[in-house]
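Structural overview
The lines below spell out each chain.
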There are 4 protein chains.
Amino acid sequence: MISKNEPIRGIVPPLVTPLKSDGTLDVASLENLVEHLIAGRVSGLFILGTTGEEQSLPVKTRQEMIRETARINRGRLPLLVCVTDTSIAESCNLGRVAADAGADALVAAPPYYFATGQPELLQYYQELIPQLPLPLFLYNMPSHVKVSFSADTVLKLAEDERVLGFKDSSGNAVYFQSVMHTVRAYERFSMLVGPEEMMGESVLLGAHGGVSGGANMFPELYVGMYEAARDRDIDRVQKLQRVIMQISTSIYTVGRHGSSYLKGLKCALSVLGIIKDDFVSPPFYKFLEPEREKIRRALDALPIVGGKIAI
Amino acid sequence: MISKNEPIRGIVPPLVTPLKSDGTLDVASLENLVEHLIAGRVSGLFILGTTGEEQSLPVKTRQEMIRETARINRGRLPLLVCVTDTSIAESCNLGRVAADAGADALVAAPPYYFATGQPELLQYYQELIPQLPLPLFLYNMPSHVKVSFSADTVLKLAEDERVLGFKDSSGNAVYFQSVMHTVRAYERFSMLVGPEEMMGESVLLGAHGGVSGGANMFPELYVGMYEAARDRDIDRVQKLQRVIMQISTSIYTVGRHGSSYLKGLKCALSVLGIIKDDFVSPPFYKFLEPEREKIRRALDALPIVGGKIAI
Amino acid sequence: MISKNEPIRGIVPPLVTPLKSDGTLDVASLENLVEHLIAGRVSGLFILGTTGEEQSLPVKTRQEMIRETARINRGRLPLLVCVTDTSIAESCNLGRVAADAGADALVAAPPYYFATGQPELLQYYQELIPQLPLPLFLYNMPSHVKVSFSADTVLKLAEDERVLGFKDSSGNAVYFQSVMHTVRAYERFSMLVGPEEMMGESVLLGAHGGVSGGANMFPELYVGMYEAARDRDIDRVQKLQRVIMQISTSIYTVGRHGSSYLKGLKCALSVLGIIKDDFVSPPFYKFLEPEREKIRRALDALPIVGGKIAI
Amino acid sequence: MISKNEPIRGIVPPLVTPLKSDGTLDVASLENLVEHLIAGRVSGLFILGTTGEEQSLPVKTRQEMIRETARINRGRLPLLVCVTDTSIAESCNLGRVAADAGADALVAAPPYYFATGQPELLQYYQELIPQLPLPLFLYNMPSHVKVSFSADTVLKLAEDERVLGFKDSSGNAVYFQSVMHTVRAYERFSMLVGPEEMMGESVLLGAHGGVSGGANMFPELYVGMYEAARDRDIDRVQKLQRVIMQISTSIYTVGRHGSSYLKGLKCALSVLGIIKDDFVSPPFYKFLEPEREKIRRALDALPIVGGKIAI
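Residues numbered from 1 in each chain as written. Chains lettered and ligands numbered in written order. Predicted model: local features only at pLDDT ≥ 70, side-chain atom pairs only at ≥ 80, totals over all residues. Heavy atoms only, no water.

When helices and strands are counted, chain A shows twelve helices and ten strands. Projected onto the principal axes, the alpha-carbon positions of chain A cover approximately 50 × 45 × 35 Å. Burial statistics for chain A: of 311 residues in total, 66% are counted as buried. Considering only residue pairs separated by 6 or more positions, chain A has 74% of its internal contacts joining residues 24 or more positions apart. Taken as a whole, chain A presents about 10100 Å² of accessible surface, with 48% of it coming from carbon and sulfur. Chain A carries 32 positive and 35 negative side-chain charges, and their two centres are separated by 3 Å. (Helix = DSSP H or I, 4+ residues; strand = E, 2+ residues; numbered from the N terminus. Buried < 20%, exposed > 50% of the residue type's maximum accessible area, 1.4 Å probe, protein only. Contact = heavy atoms within 4.5 Å. Areas by Shrake-Rupley, 256 points an atom, 1.4 Å probe, with all protein chains shown as cover. Lys, Arg positive; Asp, Glu negative; His and termini not counted. Charge placed at Lys NZ, Arg CZ, Asp CG, Glu CD.)

The next subject is the relation of the copies chain C and chain A. Between chain C and chain A, the superposition needs a rotation of 180 degrees and an axial shift of 0.0 Å, giving an RMSD of 0.0 Å. Look at the turn and shift together and you get a two-fold axis relating the two. With an isologous cut-off of 70% or more, the 100% of interface residues of chain C that recur at the interface of chain A puts this contact in the isologous class. (Least-squares fit on C-alpha atoms with pLDDT ≥ 70 in both.)

Quick look at unusual backbone geometry now. A cis amide bond links P282(A) with the next residue in sequence, P283(A), at an omega value of 15 degrees. When you line up the elements, P283(A) lands in the loop between α11 (260-271) and α12 (289-300). One non-glycine residue, R41(A), lies in positive phi territory at about 65 degrees. Examined against the element boundaries, R41(A) turns out to sit in the loop between α1 (27-39) and β2 (45-47). Its identity is not glycine, yet L48(D) carries a phi of approximately 70 degrees, on the positive side. Its location among the elements puts L48(D) in the loop between β2 (45-47) and α2 (59-73). Accessibility expressed as a relative area gives 0% for L48(D), which makes it buried.

The subject of this paragraph is the pattern of salt bridges. Counted under the stated rule, the structure contains 72 salt bridges over all chains. One salt bridge connects R41(A) with E227(A), and the closest N-O pair in it is separated by 2.8 Å. Within this pair, whereas R41(A) is found in the loop between α1 and β2, its partner E227(A) is found in helix α9 (residues 219-230), the two being separated by 186 residues in sequence. Ionic pairing is found between D152(C) and K156(C), a salt bridge with its closest N-O pair at 3.0 Å. Taken together, the residues span about one helical turn, with D152(C) and K156(C) both in helix α6 (residues 151-158) at a distance of four residues. With a relative accessible area of 40%, D152(C) lands in the partly exposed category. The network of salt bridges with common partners includes D277(A), D278(A), K286(A) and R292(A). (Salt bridge = Lys/Arg side-chain N within 4 Å of Asp/Glu carboxyl O.)

Superposition record for chain B on chain D: RMSD 0.0 Å, screw rotation 180 degrees, translation along axis 0.0 Å. Looking at chain B, 100% of its interface residues are interface residues in chain D too, so the copies touch through the same face.

This part is about the packing of aromatic side chains. Under the defined criterion, the tally for this structure stands at 38 aromatic pairs over all chains. Centroid distance Y112(B) to Y113(D): 5.1 Å. Interplanar angle 75 degrees. Geometry classified as edge-to-face. Here the residue Y112(B) occupies a position in the loop between β4 (105-108) and α4 (118-131), and Y113(D) occupies one in the loop between β4 (105-108) and α4 (118-131), the pair thus bridging two chains. As far as the burial class goes, Y112(B) and Y113(D) line up, both buried. One aromatic cluster in this structure is built from Y112(A), Y113(A), F114(A), F284(A), Y112(C), Y113(C), F114(C) and F284(C). One Lys or Arg, K146(A), reaches over the ring of Y113(A) and ends 5.8 Å from the middle of that ring. (Phe/Tyr/Trp six-rings, centres within 6.5 Å; stacked < 30°, edge-to-face > 60°. Lys NZ or Arg CZ within 6 Å of the ring centre and 35° of its normal.)

Moving on, we get to the sheet that holds strand β6 (residues 163-168) of chain B. As summarised here, the arrangement of the eight strands in space is β1-β8-β7-β6-β5-β4-β3-β2 (chain B), forming an open sheet in which the pairing is parallel. Each edge of the open sheet is held by one strand with a lone partner, namely β1 (10-11) and β2 (45-47) of chain B. (Pairing = 2+ DSSP bridges.)

Before going further, it helps to examine the interface of chain B and chain D. Residue-level contacts link 40 residues of chain B with 40 residues of chain D. Together chain B and chain D conceal approximately 3400 Å² of surface at their shared face, both sides included; 63% is due to carbon and sulfur atoms. If you sort the residues of chain B by the area they bury against chain D, Y113(B), F114(B) and Y285(B) come out on top, with a joint share of 24%. Viewed at the interface, chain D and chain B are joined by two salt bridges. A salt bridge links K263(B) to E120(D); the nearest nitrogen and oxygen atoms lie 2.8 Å apart. Summed over the shared surface of chain B and chain D, the result is 18 residue pairs in polar contact (both at pLDDT 80 or more). Sorting the residues of the side of chain B that touches chain D by element identifies α2 (59-73), α3 (88-101), α4, α5 (142-145) and α11 (260-271) of chain B as the ones contributing at least two each. The leading source of residues in the side of chain B that touches chain D is α4(B), at five residues. Grouping the constituent residues of the side of chain B that touches chain D by class yields 20 nonpolar, twelve polar and eight charged. (Buried area = accessible area lost by both parts, 1.4 Å probe. Polar contact = N/O pair within 3.5 Å; in protein donor to acceptor, adjacent residues only side chain to side chain. Nonpolar A, V, L, I, M, F, W, Y, C, P; charged D, E, K, R; others polar.)

So, on to the arrangement of the chains. One finds no contact between chain B and chain C; the C-alpha atoms of the two approach each other to within 15 Å at their closest. The two units chain A and chain D never meet; even their closest C-alpha atoms stay 15 Å apart.

At the junction of the two partners, chain C supplies 40 residues and chain A supplies 40 residues. Interface area, chain C with chain A, both sides summed: about 3500 Å², of which 63% is carbon and sulfur. Linking chain C with chain A are two salt bridges, by the criterion used here. Among the elements of the structure, α2 (59-73), α3 (88-101), α4 (118-131), α5 (142-145) and α11 (260-271) of chain C are those that each provide at least two residues to the side of chain C that touches chain A.

Residues and elements named next belong to chain B. The two faces of strand β3 (residues 79-82) match: L79 and V81 on one face and L80 and C82 on the other face are all buried. Both β2 and β3 contribute to a ladder of three bridges, which runs parallel. Each bridged residue has a counterpart across the sheet, and for L45 the counterpart in β3 is L79. A crossover links β2 with its parallel partner β3, the connecting element being α2, and its sense is right-handed. (Right-handed = clockwise from strand over helix to strand, strands pointing away.)

What follows covers the environment of R41(A). Residue and element names in this part refer to chain A. On the accessibility criterion, R41 (51% relative accessible area) is exposed. Residues R41 and G10, 31 residues apart in the sequence, show an inter-C-alpha distance of 9.2 Å. Sequence-distant contacts of R41, defined by excluding residues within four places in its chain, comprise V223 and E227. In this structure the side chain of R41 is engaged in a polar contact, spanning 2.8 Å, whose partner is the side chain of E227.

Turning our eyes to something else, we now look at the packing of α2(B) against α3(B). Residues and elements named next belong to chain B. Axis separation between α2 and α3 bottoms out at 9 Å; the angle between their running directions is 20 degrees. Taken together, the axes of α2 and α3 are roughly parallel relative to one another. Every pair of crossing elements has a handedness; the one defined by α2 and α3 is right-handed. The segment α2 lies against α3, with R62, Q63, I66, R67 and A70 engaging L94, V97, A98 and A101. Looking at the contact of α2 with α3 residue by residue, the classes come out as six nonpolar, one polar and two charged. (Axes fitted to C-alpha atoms, helices over the stretch in contact; angles between N-to-C directions. Parallel < 35°, antiparallel > 145°, perpendicular 65-115°, else oblique. Left-handed = near helix turned anticlockwise from the far one by under 90°.)

The full count for this structure, using the stated rule, is zero disulfides over all chains. Distance from the sulfur of C82(C), which forms no disulfide, to the nearest cysteine sulfur (C92(C)) is 14 Å. (Disulfide = S-S within 2.5 Å.)

So, about the sheet that holds strand β7 (residues 190-193) of chain D. Taken together, the eight strands give an open sheet; going across it, the order is β1-β8-β7-β6-β5-β4-β3-β2 (chain D), and neighbouring strands pair in parallel fashion. The outermost strands of the open sheet, each flanked by one partner alone, are β1 (10-11) and β2 of chain D.

Turning our attention to the confidence of the model for chain A. Averaged over every residue, the pLDDT of chain A is 97; residues scoring 70 or more account for 100%. Predicted complex metrics record ipTM = 0.97 and pTM = 0.97. (pLDDT = per-residue confidence, 0-100.)

This is the structure in structure tokens:
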């Protein structure tokens with residue numbers, strides 16, 4: 001369902017993993033979330049990424065999340081499963097679970113305990129790719145994994161048809177442009193941008209889409225931004241950007257630590273009724289009532305009509 | 001000549017400081033460079049920034065650069081002078097030299113030996129601004145000064161009419177969007193982006209212009225990108241972006257160290273005949289012949305017609 | 001076998017995990033290594049740490065390493081098992097395997113995908129500790145996990161009797177002294193230093209021992225340093241330090257990347273015949289012949305007599 | 001007065017620069033401070049270092065500080081002047097002022113705006129050294145200047161007799177041991193450690209002394225530690241270390257930012273009556289009364305008898 005001949009386009013949201021207060025998967029909330037996203041016209045489902053707390057979940061919850069999402073999705077949208085791990089064998093194990101469940105592609109950031117040099121990073125992916133049962137997206141996430149793909153390493157990996165694209169969460173537009181320029185000969189190769197705050201401008205410059213966390217809440221907003229940028233409607237891009245930045249500077253900045261984004265997003269989803277509990281796996285912990293009240297007020301300040309951003 | 005009521009718009013190139021092989025100012029090359037830039041329709045001249053090697057120059061060469069640029073410019077373009085220093089008194093001293101020479105505005109990045117917290121940074125600028133004889137642009141350059149303005153600190157400083165704008169060289173589009181969103185109520189406040197690789201997309205999203213180093217070589221290219229983005233001509237933005245990225249990934253990446261950009265830029269300017277020698281002040285050193293040959297070849301690969309990028 | 005009333009003292013080497021060329025556990029080499037270490041009079045066995053490549057191994061190899069080491073050890077020495085993971089549930093799972101195999105204590109560095117603030121870090125350990133079946137050593141490893149325990153967080157955790165001690169691999173002597181000073185009221189609390197290059201001086205100042213990677217090769221050297229420092233024999237400390245630094249600046253610095261230490265150590269162990277193959281798990285890769293030859297020469301330059309450092 | 005044939009030994013305190021509330025040099029306080037230090041049996045005077053706020057002072061205050069310290073010192077102790085600058089010419093200018101005033105040696109950290117590679121760093125010092133009128137100590141201060149001397153760069157520079165030694169403020173004991181091991185053939189070459197918290201252990205392992213900021217307050221404490229370590233009196237080393245750590249974890253940690261050390265030290269000196277005002281140059285600002293009260297209490301908790309640490 002993912003073509004090898006053309007890039008995936010649009011918004012592929014990184015799903016939060018809905019959890020009950022005891023840390024187990026909340027399947028009912030997951031059903032609600034998936035239907036909410038499909039109704040919001042997203043282009044794919046990306047699970048177990050950073051927003052999906054893969055690393056914090058028990059392995060069996062990761063497996064359950066894969067199977068349940070695949071079951072709920074019923075093949076309606078491409079399903080991408082993040083298999084980032086420090087152990088190449090465990091990435092492959094999770095990849096097989098994903099393939100068995102009917103996922104379409106895998107996503108892997110570099111191993112994140114040991115920091116590799118570029119030659120080691122290249123060799124690692126060259127070993128990993130043929131062992132995986134599904135094609136792969138590369139995932140750049142230097143703040144969390146400590147290393148960044150050089151543009152040249154991306155280019156070498158893009159030569160392999162099993163490598164479908166590159167998702168960059170660095171936030172660095174110079175870097176993103178540099179990679180996009182370097183791999184431009186591969187028209188089938190997807191260039192996806194992580195941070196939603198730079199998604200519009202990236203699509204205007206040629207990126208194929210975004211992995212926008214905020215789309216868990218308001219898929220129509222980010223799909224709208226993607227389409228406005230694709231259609232080169234700059235007035236609309238600028239208008240939607242203001243809402244996207246309002247979300248970014250209110251809902252994602254309530255807490256004091258790096259966990260603010262994740263806590264704020266899950267809390268808002270809970271307030272909006274899209275998921276039930278906003279439990280966050282250790283080492284992060286969900287907001288207490290004072291922060292939840294701030295999230296409520298931040299949501300109240302948004303132009304929401306009928307549960308959707310009025311755009 | 002810089003309005004307090006509306007932002008400066010367009011390309012304000014950060015001039016290299018042309019130096020002779022003994023490290024002294026090459027006034028003839030400076031004349032050539034300034035005329036080249038004015039002919040290229042830039043919107044202002046920004047001297048003694050990072051590209052201008054302020055920190056590496058003797059104080060008297062900094063003063064000479066200010067006076068000579070002002071003399072050559074003859075008030076044709078707004079003249080912005082960078083007075084970043086670790087000593088508040090020395091920033092003021094250089095600011096007075098600039099005011100006496102007829103400069104229009106000053107630019108200051110945070111002090112860069114001691115790393116400050118945000119309250120200290122705010123207090124520092126609140127002390128600095130009233131002591132300066134000219135209005136000020138804030139300059140964000142975390143890779144070199146180790147601290148970054150928080151959006152909130154920018155907002156507090158933007159309330160002061162003597163603060164004309166903000167130049168961000170972080171390369172971080174999420175951060176740039178966040179600051180732009182935070183200060184959006186101040187319509188007179190200039191938002192300028194440093195890295196030329198993200199200038200087009202930033203202008204599309206509402207930035208007022210760029211401080212593009214490559215404009216030393218090809219002002220018409222970056223002015224063209226600014227105008228294409230301002231005019232929302234996305235085809236042209238994407239076309240020019242390819243040339244800008246070709247420059248970025250060839251001319252600026254010949255060396256192995258962080259100095260590659262500066263060495264490559266000065267070497268290319270010398271090969272193009274815009275400046276004579278490509279002397280770089282210690283602790284950097286100009287390219288030797290093998291690297292110079294690579295720069296020549298990188299220039300040959302560009303679509304140059306009659307000394308200009310054919311756009 | 002580990003007392004709750006007094007700190008563990010001496011050298012507790014972080015065992016490499018001997019692997020065959022197909023990446024599976026080399027039990028025969030492990031037997032050889034454990035006997036070599038016990039004969040070298042170390043004070044405990046620490047497995048699956050950074051030197052033991054825990055994160056790079058498949059989960060089942062981690063489990064096998066625990067069971068085989070426990071079997072070989074036969075209770076002769078305290079067995080410490082590192083259970084660092086990004087998932088609190090998986091740390092507990094591995095902890096149960098260790099307890100079932102007869103290990104004496106666990107070791108856990110902070111979760112290393114998400115970077116926590118200190119309150120989150122404290123809460124994380126306060127949740128983890130009661131779920132573990134064995135007492136715990138805290139493990140500080142900021143270069144790999146991105147966060148560092150504040151001295152105050154260590155103090156709060158040290159109040160819990162199930163927390164036996166603190167192993168610091170920061171290399172920062174100011175930090176180590178600061179933590180040691182802060183927890184000095186807990187006489188039972190072990191202060192162990194990771195980097196062997198600073199082990200002697202740390203013991204002279206009151207640390208209880210070291211987790212010295214080089215002890216895999218030459219246990220008598222590091223045990224000798226520990227004893228010399230304990231006995232305040234400064235002449236001997238300085239003499240042994242020269243050998244320790246010769247190893248550090250030759251065997252650990254053959255490669256170009258951060259992996260040099262691990263590759264060099266395993267290669268040397270293989271040259272010395274202590275383990276058979278020097279296979280390193282992805283994302284690292286063992287040295288090729290040119291580097292192996294450099295390791296051979298580095299070993300030849302050491303004062304080795306009869307397989308031991310002549311001290 | 002500094003021998004080229006043997007290393008300088010003992011405590012060479014980095015003098016704070018006493019300033020009046022208008023930011024000008026407080027010569028009377030400087031006289032008091034210098035006499036206090038000489039009475040405290042320090043081995044030299046190191047001015048305009050990080051503790052001396054060189055970078056924050058106006059150039060003419062730097063010059064005045066040099067001349068006044070030299071005048072007060074009357075050649076009683078070796079006078080070392082820090083000339084770290086981003087401009088090689090300005091380092092030389094300050095060096096000439098120091099030579100004219102009768103200083104004995106200069107100290108220079110790497111240029112700190114542009115971050116150099118090691119070859120550039122080596123070339124920079126090879127250019128700087130012959131231009132300086134006095135011999136030089138290398139100063140490693142990576143937290144402030146962003147680059148660290150490689151051990152190999154130190155070795156190459158140590159070959160020049162005009163390079164007297166190396167002061168390391170990295171706090172990294174592995175690094176310090178590595179440099180000390182690498183240059184051990186140069187017996188005349190001084191190895192001095194910056195952070196007082198690791199001074200004792202470094203001297204025990206062979207360092208020649210320390211540049212201990214706390215010696216501004218209590219020179220006899222740090223001289224006592226140096227002598228105890230030199231004389232290998234480990235009981236005394238451990239006893240003094242407790243006081244040194246008490247100072248480090250109380251007086252230097254009152255504030256929230258990186259400026260805590262400098263503010264705390266100057267505040268304590270003011271409370272102790274050694275200097276009058278505790279004015280700190282922008283971008284740092286002296287403590288207000290609540291913090292000053294904490295410093296008073298921290299001082300009260302120290303074993304001070306007759307203005308000195310009772311040791």
